[in-house]
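# Understanding the architecture of this molecule
Read off the chains here:
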Amino acid sequence: DIQATLSEFTAKETHLDGFDLPDPITVAIAIDPTIATDVRRLNVRVETADGIATGQTVVDHLGVEHLAPNANVVLEASRGRFLQLLLRTHAG
C-alpha cells in the first residue's frame, strides 16, 4: 500500500512492470556487500551548471571522458539475497 502512487505511475506512465527501491537496496548492500552482483569502478559526477540537468548524477559507463574512476557503481543486485535480508530484518 505504501507504494500505491508509484505503482499507479509506473502502470500509466512508464508501462514498466514494477520499480526499483534505491534507498532500501543501498542500505542492504551496506549491510551485506554480497547482495551487489555487478559492481564497477566508474567516474561519477553531479551536474552543477544551471539548466535542466542541474543535480543529475552523470556516470561515464564507457570512459569517453577519460576521467579517473571515483566511485563504485552497483549495476546489478541479487533480488533473492536482498529479500532474504529484508525478511530477516523484519522478522528479527
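One can find the structure itself at the top, above this paragraph.
Overview of the structure. (Residues numbered from 1 in each chain as written. Predicted model: local features only at pLDDT ≥ 70, side-chain atom pairs only at ≥ 80, totals over all residues. Heavy atoms only, no water.)

## Considering the overall build of the chain
A count of helical and extended segments in the chain gives 3 helices and 3 strands. For the chain, the succession of helices and strands along the chain, N to C, is α-α-β-β-β-α. For 92 residues, the compact-globule formula gives about 12 Å, and the C-alpha radius of gyration of the chain, at 16 Å, lies well above that figure. Its C-alpha atoms give the chain principal-axis dimensions of about 45 × 35 × 20 Å. Classification of the 92 residues of the chain by burial places 16% in the buried group. The contacts in the chain between residues at least 6 apart in sequence include a share of 59% that link residues at least 24 apart. Carbon and sulfur atoms make up 57% of the accessible area of the chain, which amounts to about 7,300 Å² in all. Each charge sign in the chain was given a centre, from 7 positive and 13 negative side chains, and these centres are 8 Å apart. (Helix = DSSP H or I, 4+ residues; strand = E, 2+ residues; numbered from the N terminus. Rg over C-alpha atoms; globule rule 2.2 N^0.38 Å. Buried < 20%, exposed > 50% of the residue type's maximum accessible area, 1.4 Å probe, protein only. Contact = heavy atoms within 4.5 Å. Areas by Shrake-Rupley, 256 points an atom, 1.4 Å probe, with all protein chains shown as cover. Lys, Arg positive; Asp, Glu negative; His and termini not counted. Charge placed at Lys NZ, Arg CZ, Asp CG, Glu CD.)

## A short note on the environment of K12
Turning to its location among the elements, K12 is positioned in helix α1 (residues 4–14). Overall, the relative accessible area of 55% leaves K12 in the exposed class. Along the sequence, K12 and I2 sit 10 residues apart, while their C-alpha atoms lie 18 Å from each other.

## Considering the layout of surface pockets
Considered as a void within the structure, the largest pocket measures approximately 390 Å³ in volume. Residue lining of the largest pocket: 15 residues in total, with D20, L21, I25, I29 and A77 positioned closest to the centre. Secondary structure elements with two or more residues in the lining of the largest pocket: α2 (22–31), β3 (71–77) and α3 (79–91). In terms of residues, the lining of the largest pocket owes the most to one element, β3, which gives 5 residues. (1 Å grid on protein atoms, 1.4 Å probe; cavity = no way out; pocket = protein on both sides within 12 Å on 5 of 7 lines; lining within 4 Å. Points joined across faces, edges and corners; volume = space filled by probe spheres on them.)

## Description of the pairing of strand β1 (residues 36–46)
As paired elements, β1 and β3 share 6 bridges and run antiparallel to each other. When the bridges of β3 are listed, R40 appears paired with V73. Note: β1 against strand β2 (residues 57–60), 4 bridges, orientation antiparallel. Each residue of the ladder has a partner; that of V46, found in β2, is T57. (Pairing = 2+ DSSP bridges.)

Any link to function would need more than the numbers given here.
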